[in-house]
Structures are given as C-alpha cells and as structure tokens.
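Structure assessment
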Amino acid sequence: MGCRQMFIRFVGCNLSCRYCDTEHQQVPIYCDAEDGALNNPIAVEDLVAYLQPALTKIPHHSISLTGGEPLLYADFIRELIAQLPFTYFLETNGTMPEKLRKIIDKIDIISMDIKMPDSIGQDYWSEHQRFLEIAKRKDVYTKVVIAAETPLADFEKALDMVASVDKNILFVVQPMTPLGGYHAPSPEQISRWQEIALQKLCDVRVIPQTHKFIQQR
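Please read these numbers as outputs of a predicted model, since none were measured by experiment. Sequence positions are assigned chain by chain, starting from 1 and proceeding in written order. For a predicted model such as this one, the threshold for reporting local features is a pLDDT of at least 70, and the threshold for listing and counting side-chain atom pairs is 80 or more; totals across whole chains, interfaces and linings nevertheless cover every residue. Note that the side-chain values use all heavy atoms of the structure and ignore hydrogens as well as water.

By the criteria applied, helices consist of DSSP H or I runs no shorter than four residues and strands consist of E runs no shorter than two, each listed in order from the N terminus. Within the secondary structure, I196 is located in helix α7 (residues 187-198). Once the C-alpha coordinates of I196 and L47 are considered, the two residues, 149 residues apart in sequence, prove to be 44 Å apart. Whether two residues are in contact is decided by their heavy atoms, any of which lying within 4.5 Å being enough. Those residues in contact with I196 that lie beyond four places of it in its chain are L152, E156 and L159.

So this is what it looks like as structure tokens:
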C-alpha cells in the first residue's frame with residue numbers, strides 16, 4: 001500500500017460480482033493510457049515500447065497486472081514478462097489455478113481475492129484452495145471484501161480455507177465500498193470479524209480501498 005506502481009488493466013472477467021466497479025466492455029477500440037490512448041488489442045512489443053520510458057523515468061515498485069481478470073491472458077502475460085523483466089504484481093480473483101500455474105515462475109507478488117458466494121451466485125472454495133496452494137510459493141496475500149450483508153458463515157469458511165493452506169498467509173479484510181445493493185459494514189462488525197479471523201490466522205489486517213480517498217481510478 002502506498003507504493004508507486006504501473007497498472008496494466010485487462011478487460012473481461014470470468015466472474016460477475018454484484019459489487020464490481022470495473023466496466024466490462026469486451027472489445028474496446030482503445031486502451032486508455034496516462035498520456036493518451038493506444039490501439040487495442042495491443043501487441044506485446046508495442047506495450048513494452050510504451051512502458052519502458054515511463055519505468056525508466058520514475059522508479060516504480062512493480063507492474064500491477066489487474067482487471068477484470070488478468071489470468072484470462074496468461075499467454076500474453078508470459079510473453080510480456082519475457083520481453084520486459086521487472087517486478088510483477090498479480091491481482092486476481094483466485095479462481096483459475098491452472099492459468100496461474102502457467103506463469104507462477106514469472107510472478108513476484110500475488111494479491112488473491114476470495115469471492116463470497118453471495119456476490120457471484122456460487123462458491124469457489126475448492127478453486128481458491130488449489131490456487132493458494134500454487135501461489136504460496138511466492139509472496140502472496142489473500143483479500144476478502146465484506147459488506148453488512150456478507151454471511152459470517154462464508155467469512156469463516158474463507159478463514160478455514162486459508163488456514164488449511166498456511167495460517168501465516170496475510171489475510172486482508174476490505175470493507176465494502178457501497179455498490180450493487182450492498183452496504184458498508186459497521187465499525188463494530190469490522191472489529192469483531194477481525195477478532196474472529198485472528199483466532200485462526202496469524203496476520204489479519206483491515207485495509208479499505210485507499211485509492212478512493214485520493215480520487216484515483
């Protein structure tokens with residue numbers, strides 16, 4: 001949190017979360033860039049040519065691969081990293097373990113969401129567990145977005161799933177930014193649920209969407 005990153009945002013997702021705040025336009029003509037727009041779909045070599053000057057001009061902590069779901073483009077990512085070695089930070093919904101397996105050797109840091117069944121209409125506990133088993137060889141943390149409406153039983157299932165892999169994996173509780181009919185959890189709920197989590201896991205932190213505070217996308 002607070003480090004300077006270069007974001008590459010991939011379009012499309014294999015899920016449809018009720019609280020998602022990202023547009024799901026499938027074939028945008030252009031991809032937005034900080035100083036204009038680039039033709040889309042963009043070739044790997046063109047993306048590398050765009051990124052290299054920016055990364056050279058200002059020191060960056062890492063390149064963040066985000067979305068949507070970036071693992072839908074695992075082959076593209078592997079080619080990108082081959083042409084542009086850097087520290088890579090993968091933000092993912094954690095439901096595509098076989099896609100992760102294709103690029104795990106090239107990724108440095110993984111932010112894995114744990115999706116609550118009420119937000120997507122089904123559960124992904126087994127996929128999440130297989131994903132985390134692969135991801136744990138790298139610097140990985142898990143994140144759960146909670147709303148006032150989130151069932152406590154599902155939150156506890158998420159805790160048990162992470163603990164079954166490694167209770168030392170960092171677990172982030174992110175209070176919901178109200179959207180899609182969900183409401184923000186109360187301070188009392190956040191405090192209580194963190195207390196519950198700390199009984200099962202070693203490192204549990206409450207971190208809101210800090211970029212919202214400074215009005216960044």
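Attention now goes to the pairing of strand β7 (residues 139-146). Successive residues of a regular strand alternate their side chains across the two faces of the sheet. Counting buried residues along β7, 6 of its 8 residues qualify, which places the element largely inside the surrounding structure. Here strand β6 (residues 109-113) pairs with β7 via 5 bridges, running parallel. The residue of β7 that forms the bridge with M112 is T142. Pairing between two strands requires that DSSP report at least two bridges joining them. Pairing of β7 with strand β8 (residues 170-175), which is carried by 6 bridges, proceeds in the parallel orientation. Bridging across to β8, K143 finds its partner in V172. A crossover connection joins β7 to the parallel β8 through helix α6 (residues 152-165); in handedness this β-α-β unit is right-handed. For every residue, the accessible area obtained with a 1.4 Å probe (protein chains only) is divided by the maximum for its type, and the residue is called buried under 20%, exposed over 50%, and partly exposed between those limits. Looking down the strands as they point away from the viewer, one classifies a crossover as right-handed if the path from the first strand across the helix to the second runs clockwise.

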